[in-house]
Amino acid sequence: MNLYNLIIQDKEEVTLNDVFLDPANKEQFVQLIKEHTYIKELQEYGLPINNKVLLQGSSGCGKTMTAKAIANALGKSIIILNLSNIVSSRIGETSQNIKMIFDKASRERSVLFLDELDQIGKARGSDDKDVGEMRRLVNTLLQLIDYYPENALLLCATNHPEIIDTALIRRFQLKINYEMPSKEFLDQYYDNLLSQFPEDLRDIERQYGISFAEAKDYALTVVKGNLIKKLEAKNETIA
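Residues numbered from 1 in each chain as written. Predicted model: local features only at pLDDT ≥ 70, side-chain atom pairs only at ≥ 80, totals over all residues. Heavy atoms only, no water.

- An unreviewed UniProt entry annotates the protein as AAA family ATPase originating from Chryseobacterium daecheongense.

Below is the structure:
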């Protein structure tokens, strides 16, 4: 298995303003971006740079978009790796490939985004036969995180932080929580999303208690359905 083939290539340009974030979370990300913007000046004062960040919480609430936005703000390329795709029966090969990706990110001073970090934690307990091998994989990851250079940025995401090895959790200087959006926050999101359409297509029945990703899929599906009905009615009139 060649891990380079599993890197997600994504050139979507996202800004921090495109991501609906809790104000406290946004403030932390703004500071993170500024730390890496003024990295040399901070290092002159002997100040450590936060470069290992864990994004934890509900799925579909903007973790991947946040990583893209941070990379864009810093003018860096982003390497996206979904860990659920790489754990194979040949754990030694997996460890070597992960090291290659870390080396690539370090060399290029990229933003490295590891998605579904909990997959390693899950795999460790899934089969007693694999525990030893999985521990070696986690140890490899711990070492790579420990020696990751300050002028590169590591972002990891998980929906289940409670099952991740505590030794991994301790490596992150920032742990930022993502929660399901409130009704008020979703209304802001709907208003922003629907503002791009004509007024007669904006009036939809809104759903709540769902993630931003789910709200987007739902709203756009309804808008498309309403637009198709409008076009069909127009064609019938012409006919």
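## Some words on the side chain of N51
Stage number 1. Relative to the helices and strands, N51 is located in the loop between helix 2 (39-44) and strand 2 (52-57).
Stage number 2. By relative accessible area, which is 1% here, N51 ends up buried.
Stage number 3. Residue contacts for N51: discarding those within four places in its chain leaves H36, Y148, P149, E150, A152, L153, L154 and Q173. (Helix = DSSP H or I, 4+ residues; strand = E, 2+ residues; numbered from the N terminus. Buried < 20%, exposed > 50% of the residue type's maximum accessible area, 1.4 Å probe, protein only. Contact = heavy atoms within 4.5 Å.)

## Some points on helix 1 (residues 23-37)
Residues spaced three or four apart along an α-helix face the same direction, because each turn holds 3.6 residues.
Stage number 1. For helix 1, with 15 residues, the first-to-last C-alpha span of 21 Å sits near the 21 Å given by 1.5 Å per residue.
Stage number 2. Three or more residues of helix 1 are buried, namely N25, F29, L32, I33, E35 and H36. Relative to the axis of helix 1, the buried residues are bounded by an arc of 155° and lie together on one face. Turned more than 90 degrees away from the buried face of helix 1, the exposed residues are P23 and E27.
Stage number 3. Contacts made by the buried residues of helix 1 are with helix 2, strand 2, helix 3 (63-74), strand 5 (153-158) and strand 6 (174-178).
Stage number 4. The residue sitting at the N-terminus of helix 1 and contributing the capping side-chain oxygen is D22; that oxygen lies 2.9 Å from the backbone nitrogen of A24. (Expected span 1.5 Å × (residues − 1). Arc of directions from axis to C-beta. Polar contact = N/O pair within 3.5 Å; in protein donor to acceptor, adjacent residues only side chain to side chain.)

## Digging into the packing of helix 1 against helix 3
Stage number 1. As a packed pair, helix 1 and helix 3 sit with axes 10 Å apart at the nearest point and diverge in direction by 35°. In the crossing of helix 1 with helix 3, the sense of the turn from one axis to the other is right-handed. For the pair formed by helix 1 and helix 3, the contact residues are F29, L32, I33, H36 and T37 on the first element and T66, I70, A73 and L74 on the second.
Stage number 2. Class assignment for the residues of the contact of helix 1 with helix 3 results in 6 nonpolar, 3 polar and no charged. (Axes fitted to C-alpha atoms, helices over the stretch in contact; angles between N-to-C directions. Left-handed = near helix turned anticlockwise from the far one by under 90°. Nonpolar A, V, L, I, M, F, W, Y, C, P; charged D, E, K, R; others polar.)

## Some thoughts on the packing of helix 8 (residues 183-194) against helix 10 (residues 212-238)
Stage number 1. Viewed as axis vectors pointing N to C, helix 8 and helix 10 meet at an angle of 45°, and their least axial separation amounts to 11 Å. Between helix 8 and helix 10, the crossing angle belongs to the class labelled oblique. Crossing of helix 8 against helix 10: the hand is right-handed. The residues of helix 10 that touch helix 8, namely those facing F185, L186, Y189, Y190, L193 and L194, are F212, A215, K216, Y218, A219, L220 and V223.
Stage number 2. In the contact of helix 8 with helix 10, the residues fall into 12 nonpolar, no polar and 1 charged. (Parallel < 35°, antiparallel > 145°, perpendicular 65-115°, else oblique.)

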